[in-house]
Amino acid sequence: MGSIRRVSIYICGILLAIWTLLPIYYFLDLSFMFEAEISSVPFHYIPEEITWSNYAVILGYQVETIYGTVGPSGYAPAIIRGLVNSIIVSLPATVLALLISIPVGYAFARYVFPRKNTLLMILLFSRALPPISIVIPYFIFFKTIGLLGSTYGLSLIYLTITVPLSVWILTGFFSTLPIEIEKAARVDGCGRMRALLRVTIPMASSGIAAVGILIFLLCWNEFLFAYILTNGTPAQTLPPVLPGMLTTYHVYNNELAAAAVLSIIPPILIGALFGRYIIRLKIVDPLTIGG
């Protein structure tokens, strides 16, 4: 019975991996093909002539190919600008979210105060709200105060997505850390804030790093707010640029695939470099810590 269950788990895992990786492989395959090969019958699952020209032209370079000279893509400026804006928006949003979430999560984990669980539930409920229900009010508000179409305005908006989740995770993580070490630091003369900075945060570094990675990925992949609040402006990030390629320009399938692959490279690199922190992260339900 145990062997059957183990085999079933392996089969389900393999099927899930295929389901997840097949679209990525398809776009990766297209991104290394010439346009003429894409339309060939039968379809080539491995390119006959591997080329990097698609990546070069979407980044604004002119290249020589077997079909002649290929100039920079017409949507290269939008892709480059979107890539830069995604970095400009995601990094500050991640830092701000951590600066807010660390002390708030620590307070929820270590202090006992009235209605603590109620406030935690409100935080969780705010994360459960569908973004489409609040994007129009934010659009009107940002238009009124002049933040519409700005990267720093988009970074602030992303706090509504990331802070509730990161506070929830960090609250549970801080609650798993031994409080005795903090008490020893307090006995040695550390104040509450100094103990947090010098003792607790170093102990929680792996959890904070994991939450930071999750926040960055949420900001990098976010589409709806970026589309509504920056569409058609110089502040547009990369996710809205890709579907815009289908309607704004004459798009080649291989160049579109190269742009899609380019958009997932940063998350893959971050996941590969820092994924061990996410594996180590022990998530605890904050509602079980009392208060």
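Everything numeric here is computed off the predicted structure, so don't read it as measured data.

J.: I tried to follow the overall build of the protein chain on my own but got confused; where do I start?
T.: Counting its secondary structure elements, the protein chain contains 13 helices and two strands. Across its three principal directions, the C-alpha atoms of the protein chain cover 75 × 65 × 35 Å. Per-residue burial for the protein chain yields a buried fraction of 41% across its 291 residues. The long-range fraction of contacts in the protein chain, counting pairs at least 24 apart against all pairs at least 6 apart in sequence, stands at 68%. Accessible surface, the protein chain as shown: approximately 16200 Å² in total, 71% of it carbon and sulfur. Of the charged side chains in the protein chain, 16 are positive and 12 negative; the average position of the first set lies 26 Å away from that of the second.

J.: Got a minute to help me understand the packing of aromatic side chains in this structure?
T.: The geometry of an aromatic ring pair is captured by the separation of the ring centres together with the interplanar angle, meaning the angle of the planes. Under the criterion given, the structure shown has eleven aromatic pairs. Grouped by ring-pair contacts, the aromatic residues Tyr138, Phe141, Phe142 and Phe225 constitute a single cluster.

J.: Just to check I follow, could you spell out empty space enclosed by the protein for this structure?
T.: Remark: the empty space left among the atoms is shown by a probe the size of a water molecule rolled over them. Considering all chains together, one arrives at one cavity of 30 Å³ or more under this definition. Put simply, the largest cavity is a space of about 30 Å³. Leu165, Ser166, Ile169, Val211, Leu214, Ile215 and Leu218 together form the lining of the largest cavity. For the lining of the largest cavity, the secondary structure elements donating two or more residues are helix 7 (151-175) and helix 10 (205-221). Top contributing element to the lining of the largest cavity by residue count: helix 10, with four residues. Here the residues of the lining of the largest cavity are counted per class, giving six nonpolar, one polar and no charged.

J.: Any chance you could explain the nonpolar core here in plain terms?
T.: Nonpolar side chains in soluble globular proteins tend to be buried together. Judged by nonpolar contacts, the single largest core of 35 residues is most densely connected at Leu154, Tyr158, Phe174 and Phe225. Sorting elements by how many residues they give to this core places helix 7 first, with twelve residues. Excluding anything up to four places from it in sequence, phenylalanine 225 contacts Pro131, Ile134, Val135, Tyr138, Leu154, Ile157, Tyr158, Ile161 and Thr230. Judged by nonpolar contacts, the second largest core, of 23 residues, contains Val63, Ile213, Trp220 and Val241.

J.: Is there a simple way to think about the side chain of glutamate 222 in this case?
T.: Residue position: glutamate 222 is located in the loop between helix 10 and helix 11 (224-230). Those residues in contact with glutamate 222 that sit more than four places away from it in its chain are Tyr158, Ile161 and Pro239.

J.: Sorry, what's going on with unusual backbone geometry here?
T.: Peptide bonds are trans in most cases, and residues, glycine excluded, mostly fall at negative phi. Phi at arginine 115 is positive, roughly 65°, even though this residue is not glycine. The topology assignment puts arginine 115 in the loop between helix 4 (76-110) and helix 5 (116-128).

J.: So what exactly am I meant to see when it comes to the side chain of arginine 110 here?
T.: On the secondary structure map, arginine 110 appears in helix 4. The exposure class of arginine 110 is buried, given its relative accessible area of 16%. In terms of polar contacts, arginine 110 uses its side chain to reach the backbone carbonyl oxygen of leucine 177, at 3.0 Å. Beyond its immediate stretch of four places on either side in the chain, arginine 110 contacts Phe174, Ser175, Leu177, Pro178, Ile179 and Glu182.

J.: For this particular structure, what's the right way to read the environment of leucine 30?
T.: Looking at where leucine 30 falls in the secondary structure, it is placed in helix 1 (residues 2-31). Take leucine 30: its relative accessible area is 5%, and that puts it in the buried class. Linking leucine 30 and asparagine 54, residues 24 residues apart in sequence, is a C-alpha distance of 9.5 Å. Other than its neighbours up to four places away in sequence, leucine 30 contacts Ile38, Phe43, Asn54, Asn254 and Ala257.

Procedures and definitions
Residues numbered from 1 in each chain as written. Predicted model: local features only at pLDDT ≥ 70, side-chain atom pairs only at ≥ 80, totals over all residues. Heavy atoms only, no water. Helix = DSSP H or I, 4+ residues; strand = E, 2+ residues; numbered from the N terminus. Buried < 20%, exposed > 50% of the residue type's maximum accessible area, 1.4 Å probe, protein only. Contact = heavy atoms within 4.5 Å. Areas by Shrake-Rupley, 256 points an atom, 1.4 Å probe, with all protein chains shown as cover. Lys, Arg positive; Asp, Glu negative; His and termini not counted. Charge placed at Lys NZ, Arg CZ, Asp CG, Glu CD. Phe/Tyr/Trp six-rings, centres within 6.5 Å; stacked < 30°, edge-to-face > 60°. 1 Å grid on protein atoms, 1.4 Å probe; cavity = no way out; pocket = protein on both sides within 12 Å on 5 of 7 lines; lining within 4 Å. Points joined across faces, edges and corners; volume = space filled by probe spheres on them. Nonpolar A, V, L, I, M, F, W, Y, C, P; charged D, E, K, R; others polar. Core = buried A, V, L, I, M, F, W, Y, C linked by side-chain atoms within 4.5 Å. Polar contact = N/O pair within 3.5 Å; in protein donor to acceptor, adjacent residues only side chain to side chain.

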